[in-house]
Amino acid sequence: MRRHDHQTTQADLTAGAVLAPYLQEQAAEFLRSLRLHRESSAPTDAGGLGAEQASVALRRSARRISGTLHTFRATLDTAWAEQLRTELAWLSGTLAREHAYATRLNRLLEALHALSGTSLPAARKGSDTAGDKERAALGVGAARAGALLERQLTLARTRAHSAALQALGSARFHAVADAVALLASEVPLASSAGAPAEEMLHGPA
């Protein structure tokens, strides 16, 4: 009998009763990540690993909130959801640039090192063939290309880091943070959120 009552309770849950707690949980995670980011604000290229991890967590919670607002927009206040989703996409994209440049640099350098490593086998005594010279020249070229890429992408990464810090100090970001803080306590639901969760959420999910 108790099992039947539990199943009935689950079936009777409204869309709002399911959706609101999830959005509030993600909003709380966003605010925790933001606090951690502020406490660990050293540049990532100066060893600020905590700030980098906080930035990843901040982007993750922003993407989850944004994705939920888009997927279940029929159960939410449409104008509010679209506005917040747009601002979260801006924030996530701004924070992602620094990480993207760092990842790109690592991949390119690894590829160049692999290229120069396989192209420069230990020279055998008395071996001075044209092939050996070509491999040596390729190794030198890879090293020069690596140095150039490192300078360019490190500069781009530094600029992206500065842009992210500037964004986090902007009035636009403070408005986003305030909106998420409000979301942590109250979710603006549409009247359709009173419908059964299975009916409103199953299809979009």
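## So, the overall build of the protein
In step 1: Within the protein one finds seven helices and zero strands.
In step 2: Secondary structure elements of the protein, listed N to C terminal, follow the sequence α-α-α-α-α-α-α.
In step 3: Excluding contacts between residues fewer than 6 apart, the proportion of contacts in the protein whose partners are at least 24 apart in sequence is 82%.
In step 4: For the protein, the accessible area works out to roughly 12300 Å², and carbon and sulfur atoms hold 55% of it.

## Observations regarding the pattern of salt bridges
In step 1: By the definition in use, this model includes three salt bridges.
In step 2: Here E29 makes a salt bridge to R32, at a shortest N to O gap of 2.8 Å. With E29 and R32 both in helix α2 (residues 15–39) and three residues apart, this pair spans about one turn of that helix.
In step 3: Judged by its relative accessible area of 26%, E29 is partly exposed.
In step 4: Judged by its relative accessible area of 40%, R32 falls in the partly exposed class.

## A short note on helix α6 (residues 171–183)
In step 1: End to end, α6 covers 18 Å across 13 residues, agreeing with the expected 18 Å (1.5 Å per residue, within 8%).
In step 2: Looking at α6, one finds that the buried residues are F173, V176, A177, V180 and L183. For α6, the arc enclosing every buried residue in end-on projection is 115°, short of the 170-degree limit, so these residues lie on one face. In this structure, α6 carries A171 and L182 as exposed residues pointing more than 90 degrees from its buried face.

## Focus: the side chain of S66
In step 1: Locating S66 in the fold gives a position in helix α3 (residues 49–71).
In step 2: The residues touching S66, leaving out its near neighbours within four places in the chain, are R85 and L88.

Cut-offs applied
Residues numbered from 1 in each chain as written. Predicted model: local features only at pLDDT ≥ 70, side-chain atom pairs only at ≥ 80, totals over all residues. Heavy atoms only, no water. Helix = DSSP H or I, 4+ residues; strand = E, 2+ residues; numbered from the N terminus. Contact = heavy atoms within 4.5 Å. Areas by Shrake-Rupley, 256 points an atom, 1.4 Å probe, with all protein chains shown as cover. Salt bridge = Lys/Arg side-chain N within 4 Å of Asp/Glu carboxyl O. Buried < 20%, exposed > 50% of the residue type's maximum accessible area, 1.4 Å probe, protein only. Expected span 1.5 Å × (residues − 1). Arc of directions from axis to C-beta.

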